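Residue strings, one per chain:
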Amino acid sequence: AKEAVPALTEALKSKHPAFRYYAAEALGSIGPNAKAAVPALTDALQDDDKLWNVRKASAKALRKINR
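Computed from a predicted model, the values in this text were never measured in an experiment.

Participant: What's the story with the overall build of the protein chain in this structure? I'm lost.
Facilitator: Within the protein chain, the secondary structure is distributed over four helices and zero strands. Against the compact-globule benchmark of 11 Å for 67 residues, the protein chain has a radius of gyration of 10 Å, which places it among compact chains. With the principal axes as the frame, the protein chain shows a C-alpha extent of 30 × 20 × 15 Å. For the protein chain, with 67 residues in total, the buried portion stands at 39%. For the protein chain, restricting intrachain contacts to residue pairs at least 6 apart in sequence, the fraction spanning at least 24 positions comes to 57%. In the structure as shown, the protein chain presents an accessible area of about 4,200 Å², 56% of it carried by carbon and sulfur atoms. Of note, the protein chain has its 12 positive side-chain charges centred 6 Å away from the centre of its 7 negative side-chain charges.

And the structure:
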């Protein structure tokens, strides 16, 4: 799964909120091996989409990565 981190990190920048949400979820599932995505996930904490709640998914991912 670690091989997917660069692509998922890039997906956090998508114009589609569903892509950003699922990228954050997937990075959280990878856990500590997704450390390289921490800066992008931190940026995603400022996401303004209300429907997909990218902020919450990003915060959850950060907690799982930083265990």
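Participant: How should I be thinking about helix H4 (residues 54-65) in this particular structure?
Facilitator: Residues spaced three or four apart along an α-helix point in a common direction, a consequence of the helix completing one turn every 3.6 residues. Over its 12 residues, H4 runs 16 Å from end to end, which matches the ideal 16 Å to within 8%, given 1.5 Å per residue. The complete set of buried residues in H4 reads Val54, Ala57, Ser58, Ala61, Leu62 and Ile65. For H4, the angular spread of buried residues about the axis comes to 135 degrees, placing them on one side. In this structure, H4 carries Lys56 and Arg63 as exposed residues pointing more than 90 degrees from its buried face.

Participant: Looking at this model, I keep getting lost on the nonpolar core. Mind explaining?
Facilitator: Inside soluble globular proteins, nonpolar side chains tend to come together where they are buried. The biggest cluster of nonpolar side chains holds 15 residues, and the ones touching the most others in it are Val5, Leu12, Leu27, Ala34 and Leu41. For Leu41, the residues in contact, after removing those within four places along its chain, are Leu12, Ala24, Leu27, Ser58, Ala61, Leu62 and Ile65.

Scoring rules and cut-offs
Residues numbered from 1 in each chain as written. Predicted model: local features only at pLDDT ≥ 70, side-chain atom pairs only at ≥ 80, totals over all residues. Heavy atoms only, no water. Helix = DSSP H or I, 4+ residues; strand = E, 2+ residues; numbered from the N terminus. Rg over C-alpha atoms; globule rule 2.2 N^0.38 Å. Buried < 20%, exposed > 50% of the residue type's maximum accessible area, 1.4 Å probe, protein only. Contact = heavy atoms within 4.5 Å. Areas by Shrake-Rupley, 256 points an atom, 1.4 Å probe, with all protein chains shown as cover. Lys, Arg positive; Asp, Glu negative; His and termini not counted. Charge placed at Lys NZ, Arg CZ, Asp CG, Glu CD. Expected span 1.5 Å × (residues − 1). Arc of directions from axis to C-beta. Core = buried A, V, L, I, M, F, W, Y, C linked by side-chain atoms within 4.5 Å.

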